[in-house]
Amino acid sequence: MRKIQPRVTPSLSPATIFCVAILVFSTLASGCSRPVTAKYGSGKEIVLPKRPSRIVSLAPSNTEILFALGLGDLVKGVTTYCDYPPEATEKPDVGGFMDFSAEKIVSLNPDLILATSGQDQGLAPLIAMGIPVAILDAATMDEIGDCIRVVGDLTGKKREAQKLIAEIEREVETIASKVEAVPDSERPKVMYVAWDDPILTVGPGTLIDHMISLAGGRNIAGATGEPYPTYSMEAVLVEDPDVLLLPRVHGGLDLSALRARTAWKDLTAVREGRVYLLDDNLVSRPGPRAVQGLREIAAALYPELFEVKAP
């Protein structure tokens, strides 16, 4: 009778077993990857082949949304202007808002680019390469919430996004409720001086115009039909705003010099000392911190209702 030899099963080291487990998990994960979808309030839809793991942000507001949702580790590139939170400045710099480097972005191997309007020309070669691009735009607080929701849907952070949106909505409601009883006739006339030579302000379709309205003010440029109209000094004197708001930006407007100018000194806002510097990053970036900018505006318009910081 032929002797049957026992079959010997080779022993596997713990390290080998771990590597095999990782390989199997990776294979299963790749096989189970499913497209992720997010819809804008306007009805547009973004569809990605899988949940992104390498994101490049081309706007400070997008960067702030990503970090606020706990997605900092997924951010692989930002613009020069993405300076909040401080951790964002440690990410690879892909260039400016309009003059970002497509070559640098490609080298970061992103599976999602979060951009904003006005960047179409620079995005064209990246889109042609098949890199997914999501355009996030917001000119109201509700639309900021929509952008946060879109990012949450695409990245698996729906719960975090819902929580952040709810926090923003509560703060907006708190601010709006304090000024809702003020009659339109008693609401201060407001001018946001984006620049003074030529005199540039903000009109309908801009986030700051929306904030002024929410905060209980009347934007003197609200009826111009232009997002960024220019004014002559004569026109400003005719409108005679009760409150002047200026951005606090490096190398920007000089508040003391503005107050000292003969023509500006005749304005009610200057005579009554109602000229305020705002944190430009809070009022112009459609991100989670915009609600802080809204509170700054409300405090400037109604110091008796809100805490206001002297400029």
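Residues numbered from 1 in each chain as written. Predicted model: local features only at pLDDT ≥ 70, side-chain atom pairs only at ≥ 80, totals over all residues. Heavy atoms only, no water.

Visitor: Help me understand the sheet that holds strand β5 (residues 112-115) in this model?
Guide: The strands making up a sheet are joined through hydrogen bonds of the backbone, oriented either antiparallel or parallel. If you walk across this open sheet you meet the 4 strands as β4-β3-β5-β6, and the pairing is parallel. Two strands in the sheet have a free side with no partner beyond their single neighbour: β4 (75-77) and β6 (133-135). Looking at each pair of strands side by side, their axes are set apart by 30° on average, direction ignored. Where strand β3 (residues 55-57) meets β5, 3 bridges bridge the pair, whose relative direction is parallel. Looking across to β5, one finds that Ile55 is bridged to Leu112. (Pairing = 2+ DSSP bridges. Helix = DSSP H or I, 4+ residues; strand = E, 2+ residues; numbered from the N terminus. Axes fitted to C-alpha atoms, helices over the stretch in contact; angles between N-to-C directions.)

Visitor: Where do I start with the packing of helix α7 (residues 207-214) against helix α13 (residues 290-301) in this structure?
Guide: The geometry of a pair of packed helices is captured by two quantities: the angle between their axes and the separation between those axes. Close contact between α7 and α13 brings their axes to 9 Å; oriented N to C, the two are set at 50°. Between α7 and α13, the angle falls in the class oblique. Regarding α7 and α13, the two cross each other, and that crossing is right-handed. Residues Leu207, Met211, Ile212 and Leu214 of α7 pack against Ala290, Gly293, Leu294, Ile297 and Leu301 of α13. (Parallel < 35°, antiparallel > 145°, perpendicular 65-115°, else oblique. Left-handed = near helix turned anticlockwise from the far one by under 90°. Contact = heavy atoms within 4.5 Å.)

Visitor: What should I look at first to understand the pattern of salt bridges in this one?
Guide: A side chain of one charge can pair with a side chain of the opposite charge when the charged atoms of the two come close. Overall, the coordinates contain 8 salt bridges when judged by the stated rule. Across the salt bridge formed by Glu64 and Arg289, the nearest N and O atoms sit 2.9 Å from each other. Note that Glu64 is positioned in helix α2 (residues 60-68) and Arg289 in the loop between α12 (280-284) and α13, a separation of 225 residues in sequence. Judged by its relative accessible area of 5%, Glu64 falls in the buried class. On the basis of relative accessibility, which here comes to 14%, the residue Arg289 falls in the buried class. The residue Asp83 makes a salt bridge to Arg285 at a minimum N-O spacing of 2.9 Å. With Asp83 in the loop between β4 and α3 (102-107) and Arg285 in the loop between α12 and α13, this pair connects stretches of sequence that are 202 residues apart. (Salt bridge = Lys/Arg side-chain N within 4 Å of Asp/Glu carboxyl O. Buried < 20%, exposed > 50% of the residue type's maximum accessible area, 1.4 Å probe, protein only.)

Visitor: Could you clarify how one ought to interpret the confidence of the model for the chain in this entry?
Guide: Close reading of the predicted structure is inappropriate where its pLDDT is low. Looking at the chain, the pLDDT average stands at 87 and 86% of residues meet or exceed 70. Counting interchain partners and residues more than four positions distant, the pLDDT-below-50 stretch residues 1-32 has 1 contact. (pLDDT = per-residue confidence, 0-100.)

Visitor: Sorry if this is basic, but what is going on with the pairing of strand β1 (residues 36-39) here?
Guide: Each regular strand shows side chains that alternate between the opposite faces of the sheet. Burial along β1 is one-sided: Val36 and Ala38 are buried, and none of Thr37 and Lys39, which face the opposite way, are. As defined by bridge partners, β1 adjoins strand β2 (residues 45-48) across 4 bridges and the pair is classed as antiparallel. Paired with Val36 across the two strands is Leu48, which belongs to β2.

Visitor: Would you explain the environment of Ile297 in this entry?
Guide: With respect to the helices and strands, Ile297 occurs in helix α13. Residue Ile297 is classed as buried on the basis of its relative accessible area of 0%. Ile297 sits 84 residues away from Ser213 along the chain, and the two C-alpha atoms are 9.9 Å apart. Beyond its immediate sequence surroundings of up to four residues, Ile297 is in contact with Met211, Ile212, Ala215, Leu245, Leu278 and Val283.

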